[in-house]
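# Structural characterization, general
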Amino acid sequence: MPDTVLDVQNLSAGYGGIRVLHDISLKVKKGRVVAVLGTNGAGKTSLLRALSGLIAAEQGIIRLMQREITNIPAHKLPAAGMVHVPEGRHIFGTMTIRENLELGAFTVADARTRHERIDKVFEIFPILAERQGQDAHYLSGGQQQMLAIGRGLMAAPTLLLLDEPSMGLAPIMVKEIMVIIDRLRESGITILLVEQNSRVALRHADYGYLLELGRIVREGCAAELARDDSIVRTYLGEV
Ligand code: ATP
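Our subject in this report is the structure included herewith.

Quick notes on the rules
- Residues numbered from 1 in each chain as written.
- Predicted model: local features only at pLDDT ≥ 70, side-chain atom pairs only at ≥ 80, totals over all residues.
- Heavy atoms only, no water.
- Pairing = 2+ DSSP bridges.
- Helix = DSSP H or I, 4+ residues; strand = E, 2+ residues; numbered from the N terminus.
- Contact = heavy atoms within 4.5 Å.
- Axes fitted to C-alpha atoms, helices over the stretch in contact; angles between N-to-C directions.
- Patch = residues over 30% accessible without salt bridge, like charges linked within 9 Å, V, L, I, M, F, W, Y side chains within 5 Å.
- Areas by Shrake-Rupley, 256 points an atom, 1.4 Å probe, with all protein chains shown as cover.
- Salt bridge = Lys/Arg side-chain N within 4 Å of Asp/Glu carboxyl O.
- Buried < 20%, exposed > 50% of the residue type's maximum accessible area, 1.4 Å probe, protein only.
- Expected span 1.5 Å × (residues − 1).
- Near = heavy atom within 4 Å.
- Polar contact = N/O pair within 3.5 Å; in protein donor to acceptor, adjacent residues only side chain to side chain.
- Nonpolar A, V, L, I, M, F, W, Y, C, P; charged D, E, K, R; others polar.

With that out of the way, let us pick up the sheet that holds strand 5 (residues 67–68). With respect to topology, 4 strands assemble into an open sheet ordered 2-1-4-5, the strand pairing being antiparallel. Both edges of this open sheet fall to strand 2 (18–29) and strand 5, since each of them pairs with a single strand only. Pairing between strand 1 (residues 4–15) and strand 4 (residues 57–64): 6 bridges, direction antiparallel. The partner of Leu6 across the bridge, within strand 4, is Leu64. Here helix 1 (residues 44–51) sits on the sheet and contacts strand 1, strand 2 and strand 4; the angle it forms with strand 1, its principal contact strand, is near 110°.

Right under this line is the structure:
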């Protein structure tokens, strides 16, 4: 597999002619966790949407494992190796946990492969196995986030796009989700992580990009960014 999983060059995109992403270039190397940080409205969610074909790229090139995927429809990307776990989780509350997971692999015709993948997800998230027959709306916020990630894993992605997995969660749950991100990385999955919780994200990422008003204004190793006082003040809201 190539060393660079995601290669974005000069990407610009927006909504109805209003550009919100300007000339974004970034790389995500194999097996790394790369964080995209920025304040409210910086364009983090829009960036993930543009990468996964939910909004059109007006300019630029997106390559996934050397294959150009610019403006490929969103529903075709899981089969190409990229899965987007959106902000807000979007799980189906009146379906069971197991049914929610099965939806993540509905394009996989082979039942044995689907079962193997569910077993893998249950290994990562034992709580989902315990509660697999229950409707998803009974899960806590953190467990719903696990289910959303688990559903993404059902497509056996090479690259996982995670949008604000810590949003709205209690600190203990945030820790748990971040430990899971570490484990996913150890299992060989490459992750592009969008987080407003910059301090937590930098602790678990290898590399980071700072987004401001739709432009990348800084990039570097996560440890280096976390040590930079000006970044700490501006993006982490503290010194
Ligand atoms: P947040 O953490 O608040 O989600 P963000 O960094 O993810 O912030 P985006 O949600 O990507 O930022 O928003 C970037 C810009 O795009 C903002 O100016 C926002 O108003 C605009 N925007 C986002 N979604 C839409 C939309 N559906 N239609 C029009 N403009 C939008």
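Having put the structure on the table, let's press on.
Attention now goes to a nonpolar patch on the surface. Taken together, the side chains of Phe92, Leu103 and Phe106 make up a nonpolar region of the molecular surface, amounting to roughly 330 Å² of accessible area. Looking at the element boundaries, Leu103 is found in helix 3 (residues 97–103). Leu103 gets classed as partly exposed once you look at its relative accessible area, which sits at 33%.

Moving on, we get to helix 4 (residues 111–124). The terminal C-alpha atoms of helix 4 lie 20 Å apart, and with 14 residues this matches the ideal 20 Å at 1.5 Å per residue to within 8%. Elements in contact with the buried residues of helix 4: helix 3, helix 5 (126–130) and helix 6 (141–153).

If you check the shell around the ligand, you find 14 residues, and the closest are Asn40, Gly41, Lys44, Thr45 and Ser46. Here an oxygen atom of the ligand sits 2.9 Å away from a polar atom, N or O, in the main chain of Gly43. Against a free-state accessible area of 630 Å², the protein chains account for coverage of 60% of the ligand. The biggest single contributor to the shell around the ligand is helix 1, with 4 residues. Of the residues assigned to the shell around the ligand, the class counts are 3 nonpolar, 7 polar and 4 charged.

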